[in-house]
Amino acid sequence: VPLLDHRLVEFAAALPSNLKLRRLTRKYLLRRVARKLLPHEVIERPKQGFPMPLSHWFRGEANEFLRDHLSPATLKARGLFDAGYVDRLLREHESGHADHASLLYGLLSVELWQRLYLDRAATPAQTAAS
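Report follows, based on the coordinates.

Definitions and cut-offs
- Residues numbered from 1 in each chain as written.
- Predicted model: local features only at pLDDT ≥ 70, side-chain atom pairs only at ≥ 80, totals over all residues.
- Heavy atoms only, no water.
- Salt bridge = Lys/Arg side-chain N within 4 Å of Asp/Glu carboxyl O.
- Helix = DSSP H or I, 4+ residues; strand = E, 2+ residues; numbered from the N terminus.
- Buried < 20%, exposed > 50% of the residue type's maximum accessible area, 1.4 Å probe, protein only.

Let's shift gears to the pattern of salt bridges. In a structure, side chains of opposite charge can pair up when their charged atoms sit close to one another. Across all of its chains, the model carries 9 salt bridges by this definition. The residue R35 makes a salt bridge to E44 at a minimum N-O spacing of 2.7 Å. R67 is the partner of E94 in a salt bridge, and the nearest nitrogen-oxygen pair spans 2.9 Å. In this pair, E94 is assigned in helix α8 (residues 83-95) and R67 in helix α6 (residues 63-69), connecting sequence segments 27 residues apart. Overall, E94 belongs to the partly exposed group, its relative accessible area being 30%.

Structure representation (structure tokens):
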């Protein structure tokens, strides 16, 4: 990815502010250079996101990972979310009756965050207390 090349990033960081932002135009210098190479519609279009195919992943290759991390036993042990409700969300999503990808992603993120930061932080203290 050319815009992630460290030399380009270092160059851009060293540029004076007026070449990065002019009035309300962000990436001023990049847009000015790109005008010679790209059509006006491309240069002036609004910023676009990069959507992830979560719905597809959660119904396919990531389904087992999702189910393992949002299992009823895990949810009951945490005590934060209603395991029955989450199971219903999973079933509705898997069957295609609803698209709960965003909500499931949020729940998965909370679980992964807890495993990474809370569970690991608790492990050394529990070991020391033993």
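On to the side chain of H93, then. Examined against the element boundaries, H93 turns out to sit in helix α8. The class for H93 is buried, based on a relative accessible area of 0%.

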